[in-house]
Amino acid sequence: MDFIDITGIESSSIIAKPSRLYYDVPVMTASPALDQHLSLLNPEQLEAVQHNSSPLLILAGAGSGKTRVITTKIAWLIGAQGADPRSILAVTFTKKAANEMAGRARQMESRAEQCRIQTFHSFGARLLRFYPEDAGLSANFTVYDDDDTVTLVSKAVPKLNRQQAARFAHKISLAKDYCLDPDSPELAEIDSTLDFPAVYRAYQNRLRGTGNADFGDLIMLPVKLLEENDRVRTAMQRRYETILVDEYQDSNAAQFRLLKALAGPGAYICVVGDDDQSIYHFRGAEIQNMLSFEDAFPGALVIRLERNYRSVSPVLSLADAVVRRNQGRLGKTLRAERGKGKKPVLAFLPDQDEETAFCAEMIEQSHNKGVLYGDWAILYRTNAQSPGFETEFLRRKIPYRVVGSLKFYEREEIKDALSWLAFMANRRDEVAFRRIINKPARGIGEVTVEKIIHTAYSSSLSFIDACREFTGGSKKAAGGIGKFIGIFDTLAALLPPAKPPEDNGTPAVMEDGMRLSAFAERLVTESGLDEYHSARDEIAGTQRLANLQELANAATLYPLSTEGLLDFLDHIELDRGMELDTSENADTVTLITLHNTKGLEFPKVIITGLESGIFPRDGKSTEELEEERRLFYVGITRAKDELYLTACARRRIYGRTEFCDPSPFLYEIDRDLVSIIGNPPPDFAGSRGGTAPPDPEQQALLNQWPKGARLFHDDYGYGTVVSRSVNNGEVVIKVVFENGGEKHFMPKYQEAALLRIGDE
DNA sequence: GACAGTGAAATTTTT
DNA sequence: TTTCACTGTC
């Protein structure tokens, strides 16, 4: 049973084995099926697959078939090397990637089913599930997501408002990505204020009080467990003889230490990644893990996969021109196996409305010629850019889906129900308790809630017992607390008590009618959440009740027991990417942030909003600029056949129209790598033809606003004209203000706000 | 404890 | 522009 075999400790203790568990068979007895899979590989891929000695770093460029390499390698290790599938651990970052890898490996080699192929976090969660007390957690711990973390920070340090709490929460999670304790001096590198360690400590105390873990703990606690606990480390090192890591460029410092601790002396370690696609440094990913792999694992072999099977060559040439600008990279050059194709198009458009229209128009025209909507993807830097496209597509009846906007598990009603479920599993879960105690309203006010929580902490009671003990408070509050206890008791009676994990003689067999879904459904009605949310459905026309039903349906696969409940919550917490609209097969245009496109590909890609300040965003350090450039690179390399880039001269930002310069990235690329359409700004190399001489009206404006002219603007204060241009027939001046800001204006339309006050 | 009104702020986010 | 946190009123 999966739940019982949490870490594979049992199997490793059952099987007596030498230092490496390879069966006593000649090395090359590959099955015909395996030979077939091997024959599909190019020489570098084959070398990467048939390597099983020193540490191995596979530098896999975009579209170079890395998933194929990893899955074939798993099949080869089992089929040709005689490796015990249970001794193979493969970790990825997303559930989706893990599922895909597991599925494809199993297709090639059925025994791969016994490999442990999962995300870093679910690996950590399972380890902790097995040794909760050693790690300082409660046996029934649940996992707090980022939102819960913010709540807990704001409660641990009441003087913080929610936004400040969110900032600290982010920093705390960053600290955990680096395995830093509240006492670590290195905390100052994240935030040098004196407050930070204190806030972190307060949060940590509160978190440990609940017995729960946050995402960071799922890596950091296993690291400590492995580093400090010989018994656990030995068991795990004996178990895993092969460790494979995908998307290694996005691993953080804690994950690196996890790998180091997990890899025993005889272990074979193989990591796959692309330093040019590292785009998550802002949340702790350390490209350094990759750049210094050869130092960390002496004797390592590096294999480059540079043959790209995805994109036509003009797309790859552009991608290379972009990423070549970066300094800290291992360096590789993709070669297009697919050969020639259409040159990327760079469109300069007047404003964002023209941008959406341009995209919609192209998509409609291609659709009329038989191209699927699903072939198209629109990429943007920030989620705030999607509404424009949505409005336009709705108007034109172009079907679309927005990837990663509002996630299923982040919906209010789902979080409500999940909090109830979490609280049923762990009665010390403060965050869950706060969420459910007075929702729907039972007349229990904030003051009463705080008193109960205080009682719980000061008398070491669970929150439900604290409710039972609680006497003070109004009559209304007492009634509400009574109701709450009643709901809890009703539900608790339905849930069989937890069995200690050692008692694994009878794995949680699923009996008919004993599903967790029945419990979840009952919970939704008993708690009053169904009434509460269906009432709001009627007002707002939302789907909350249906969502709650869907959540209950998802619980069908789990047995009605505390173990089943914890298992269910783990799976949900560690697979938050799930979207409500799972109609993946529908023929729709994809609207998606650049970050979310990692690992995806589309025949036709439009990267929008290529303007300075939007992409890259303002105020980036050199290092951050490199990451933004990699993000651009990731976007470009998603395109198989056609790539379009759009840049607007004007954009409404926060309701105000701003003039935009083209993205600096556009100035970095050779003009003959793209076909330029629309009206590029005059300073853009590659703009066609000479600029038309200004007409009298334009000349008058140019005379009125010479370079060096001093002016006053109603909103921005004093400034100086630093340059002027004629763009789309309009005079535009660039002004540097005394407050340090830079703005473009069309003086023709700014007569009211702009006042000329003299020369410099 | 619910609600309307005000003011300040505004990335990206695998788990 | 939109969103969300905070404030004051009923």
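Refer to the structure above for everything that follows.
These notes cover the structure that comes with them.

The rules behind these values
Residues numbered from 1 in each chain as written. Chains lettered and ligands numbered in written order. Predicted model: local features only at pLDDT ≥ 70, side-chain atom pairs only at ≥ 80, totals over all residues. Heavy atoms only, no water. Near = heavy atom within 4 Å. Polar contact = N/O pair within 3.5 Å; in protein donor to acceptor, adjacent residues only side chain to side chain. Buried < 20%, exposed > 50% of the residue type's maximum accessible area, 1.4 Å probe, protein only. Helix = DSSP H or I, 4+ residues; strand = E, 2+ residues; numbered from the N terminus. Pairing = 2+ DSSP bridges. Arc of directions from axis to C-beta. Axes fitted to C-alpha atoms, helices over the stretch in contact; angles between N-to-C directions. Contact = heavy atoms within 4.5 Å. Parallel < 35°, antiparallel > 145°, perpendicular 65-115°, else oblique. Left-handed = near helix turned anticlockwise from the far one by under 90°. Salt bridge = Lys/Arg side-chain N within 4 Å of Asp/Glu carboxyl O. Core = buried A, V, L, I, M, F, W, Y, C linked by side-chain atoms within 4.5 Å. Phe/Tyr/Trp six-rings, centres within 6.5 Å; stacked < 30°, edge-to-face > 60°. Lys NZ or Arg CZ within 6 Å of the ring centre and 35° of its normal.

### Looking at the protein's contact with DNA strand B
Lining the immediate surroundings of DNA strand B are 31 residues, of which Arg283, Arg381, Gly445, Thr593 and Arg617 lie closest. A distance of 3.5 Å is found between a sugar or linking oxygen of DNA strand B and a backbone nitrogen or oxygen belonging to leucine 574.

### Examining the pairing of strand β14 (residues 589-593)
Among the 5 residues of β14, 5 are classified as buried, and the element is accordingly described as predominantly covered. Pairing analysis gives 4 bridges linking strand β12 (residues 376-380) to β14, with the strands arranged parallel. Directly across from tyrosine 380, in β14, lies its bridge partner threonine 593. Strand direction decides the pairing type here: strand β13 (residues 400-402) and β14, joined by 3 bridges, are parallel. Directly across from tyrosine 400, in β14, lies its bridge partner valine 589.

### What to know about helix α11 (residues 230-239)
Every buried residue of α11 is listed here: Val232, Ala235, Met236 and Arg239. Buried residues of α11 fall within an arc of 95° about the axis and therefore sit on the same side. The residue sitting at the N-terminus of α11 and contributing the capping side-chain oxygen is asparagine 229; that oxygen lies 3.1 Å from the backbone nitrogen of arginine 231.

### What to know about unusual backbone geometry
Most peptide bonds adopt trans geometry, and most residues besides glycine take a negative phi value. Put simply, lysine 439 and proline 440 share a cis peptide bond, and its omega is -5°. Note on placement: proline 440 falls in the loop between α19 (430-436) and α20 (446-458). For glutamate 247, which is not a glycine, the phi torsion comes out positive at approximately 50°. Checked against the element boundaries, glutamate 247 lands in the loop between β6 (242-245) and α12 (253-262). Its identity as a non-glycine residue notwithstanding, serine 460 has a phi of 50°, on the positive side. Considering the arrangement of structural elements, one finds serine 460 in the loop between α20 and α21 (463-469). Since its relative accessible area comes to 66%, serine 460 is described here as exposed.

### Regarding the sheet that holds strand β3 (residues 116-119)
In a beta sheet, neighbouring strands pair by backbone hydrogen bonds and run either parallel or antiparallel. In spatial order, the strands read β3-β2-β6-β7-β1-β8; together these 6 strands make up an open sheet with parallel pairing. The open sheet is flanked by β3 and β8 (301-305), the only strands paired with a single partner. For this sheet the average axis-to-axis angle between neighbouring strands, irrespective of direction, equals 15°. Note that strand β2 (residues 88-92) and β6 share 4 bridges and pair parallel. Of the residues in β6, the one forming a bridge with valine 91 is valine 245. Packed on one face of the sheet, helix α5 (residues 95-108) meets β2 and β3 and runs near 160° to β3.

### Things to note about the packing of helix α6 (residues 120-130) against α12
Between α6 and α12, the least distance of the axes is 12 Å, while the angle of their chain directions is 60°. Here α12 runs oblique to α6, going by the angle between their axes. The two elements α6 and α12 meet at a crossing, and its hand is left-handed. Contact with α6, carried on its side by Phe120, His121 and Phe123, involves Gln255, Leu258, Leu259 and Leu262 of α12 and no other residues of that element.

### Quick look at the pattern of salt bridges
Summed over the entire model, instances satisfying the criterion amount to 54 salt bridges. The residue aspartate 276 makes a salt bridge to lysine 332 at a minimum N-O spacing of 2.9 Å. With aspartate 276 in the loop between β7 (268-273) and α13 (287-291) and lysine 332 in the loop between α15 (313-323) and β10 (335-336), the pair connects residues that are 56 residues apart, well separated along the chain. Like lysine 332, aspartate 276 is buried. Overlapping salt bridges, with partners in common, bring together Glu412, Glu413, Asp416, Arg435, Lys439 and Arg544 in one network.

### Quick word on the environment of glutamine 543
The residue glutamine 543 is located in the loop between α24 (529-540) and α25 (544-554) in this model. What makes glutamine 543 exposed here is its relative accessible area of 51%.

### Overview of the nonpolar core
Membership of the largest hydrophobic core comes to 54 residues, with the highest contact counts inside it found for Val153, Leu226, Met236, Ile243, Val245 and Tyr248. With near-sequence residues (within four places) excluded, valine 245 lies in contact with Val91, Phe120, Leu259, Cys270, Val271 and Val272. Formed by 47 residues, the second largest nonpolar core is a distinct cluster that contains Ala422, Ile437, Cys467 and Phe470.

### Comments concerning the packing of aromatic side chains
With the rule as written, the count across this model stands at 24 aromatic pairs. An aromatic cluster of at least three residues, connected via ring pairs, comprises Trp420, Phe423, Phe433, Tyr457, Phe463, Phe484 and Phe488. A cation over a ring is seen here: arginine 129 above phenylalanine 141, with NZ or CZ 4.0 Å from the ring centre. The side chain of lysine 260 reaches across the aromatic face of phenylalanine 297, ending 4.5 Å from its centre.

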